[in-house]
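Coordinate analysis (summary)
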Amino acid sequence: MLRKSQSKKRNLLTMVPLLEKRVTMVQESSEATFLVIQRTNFVERITIRFFKQPSVRKIKLDKFGAYAIKQMEFQRNVNQISEAMSEHFGEEAEPALPRLMKFLEILEVHDWIIWNDEEKNEKS
């Protein structure tokens, strides 16, 4: 019988989300903040060239998403970002941690963020 390999469980609160190299944040006005994603894979490049598709995708962020992305630039872990959101927005951001987790989950599904394990950095 094959044994399932047990992977080391990681604490998501201590992990640091970082934007992928092809993803940037652009603030076009005081209220409009966008994630700009470069379309770089083979199929996307073909559609850009032959079907005149745009070379980037722009995703509009709300004020909570824009604030979370700004906090990621300072290489803060999930717990620190959640606390900063609660501090900055007050009751309006509550429940801050579940909201932040869902936002990060969406970013991760689309491969727009990578995870840096803070615990490894502390040991090194």
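Notes on the structure follow. Every chain is numbered on its own, with residues counted from 1 as its sequence reads. With the structure being a predicted model, the display of local features is reserved for residues of pLDDT at least 70 and the display and counting of side-chain atom pairs for 80 or more, all residues being used for whole-chain, interface and lining totals. Hydrogens are left out, water is left out, and the side-chain values use all remaining heavy atoms of the structure.

Notes on the nonpolar core
We call a set of buried residues a nonpolar core when its members are Ala, Val, Leu, Ile, Met, Phe, Trp, Tyr or Cys and they connect through side-chain atoms within 4.5 Å of each other. Three labels apply to residues, based on accessible area from a 1.4 Å probe with only protein chains included: buried if under 20% of the type maximum, exposed if over 50%, partly exposed otherwise in between. Judged by nonpolar contacts, the single largest core of 24 residues is most densely connected at Leu-35, Ile-69, Met-72 and Leu-107. Strands are runs of DSSP state E lasting at least two residues, helices are runs of H or I lasting at least four, and both sets are numbered from the N terminus onward. Broken down by secondary-structure element, the contributors of at least two residues to this core are strand E2 (23-27), strand E3 (33-38), helix H2 (63-73), helix H3 (78-89) and helix H4 (96-109). A total of six residues in this core trace back to one element, the largest contributor, which is H2. Contact criterion: two residues are considered in contact whenever any of their non-hydrogen atoms come within 4.5 Å of each other. Apart from the residues within four sequence positions on either side, Ile-69 is in contact with Leu-19, Met-25, Leu-35, Leu-61, Phe-103 and Leu-107.

Quick look at a nonpolar patch on the surface
Patch construction takes residues with relative accessible area above 30% that form no salt bridge. Like charges are linked within 9 Å, and nonpolar side chains (Val, Leu, Ile, Met, Phe, Trp, Tyr) are linked within 5 Å. Shrake-Rupley sampling with a 1.4 Å probe provides the accessible areas, and residues are treated as covered by the protein chains on show and by no other component. Salt bridges, as used here, are contacts in which a Lys or Arg side-chain nitrogen is within 4 Å of a carboxyl oxygen on Asp or Glu. Where nonpolar side chains cluster on the molecular surface, the patch consists of Phe-42, Val-43, Ile-46, Phe-50 and Phe-51 and spans about 570 Å² of accessible area. Within the element layout of this structure, Phe-51 appears in the loop between helix H1 (42-50) and strand E4 (56-61).

Looking at the packing of aromatic side chains
Pairs were defined over the aromatic rings of Phe, Tyr and Trp, the Trp ring being its six-membered one, requiring ring centres within 6.5 Å. Orientation was assigned from the angle between planes: stacked under 30 degrees, edge-to-face over 60, tilted for the rest. Following the criterion strictly, the structure yields two aromatic pairs and no others. The interplanar angle of 65 degrees and the centroid separation of 4.7 Å between the aromatic rings of Phe-64 and Phe-89 together place this pair among those described as edge-to-face. Placement of Phe-64 in helix H2 and of Phe-89 in helix H3 is noted, with a sequence separation of 25 residues between them. Pair check on accessibility: Phe-64 and Phe-89 agree, each one buried. Between Tyr-67 and Phe-89, the aromatic rings sit 5.4 Å apart at their centres with planes inclined by 75 degrees, giving edge-to-face as the arrangement. Residue Tyr-67 is found in helix H2, and its partner Phe-89 is found in helix H3; the two are separated by 22 residues along the sequence. For the pair Tyr-67 and Phe-89, one class covers both residues: buried. One aromatic cluster in this structure is built from Phe-64, Tyr-67 and Phe-89. Above the ring of Phe-34, the side-chain terminus of Lys-58 is found at 4.7 Å from the ring centroid. Here the basic side chain of Arg-99 rests over the ring of Phe-64, its NZ or CZ set 4.5 Å away from the ring centre. We call a charge positioned above a ring when the Lys NZ or Arg CZ atom is no farther than 6 Å from the ring centre and deviates by at most 35 degrees from the ring normal.

Side note on the environment of Gln-80
Following the sequence through the fold, Gln-80 ends up in helix H3. Of the residues examined, Gln-80 reaches a relative accessible area of 37% and is grouped as partly exposed.

Quick notes on the pairing of strand E1 (residues 15-19)
Counted residue by residue, E1 has four buried out of five residues, so it is predominantly covered. Pairs of strands are assigned from DSSP output, requiring at least two bridges between the strands. As judged from the five bridges shared by E1 and strand E5 (residues 113-117), these two strands associate in the antiparallel manner. In the sheet register, Met-15 faces E5, and the bridge partner there is Asp-117.

Concerning the sheet that holds E4
Taking strand neighbours across the sheet as the criterion, the three strands line up as E2-E3-E4 in an open arrangement whose pairing is antiparallel. The sheet is open, and its two borders are formed by E2 and E4, each paired with just one other strand. Sheet twist, expressed as the average angle between the axes of neighbouring strands with direction ignored, equals 25 degrees. For E3 and E4, the ladder comprises six bridges, and the chain directions are antiparallel. Every axis in this analysis is a line fitted to C-alpha atoms, fitted for helices over the stretch in contact. Angles between the N-to-C directions lie between 0 and 180 degrees.

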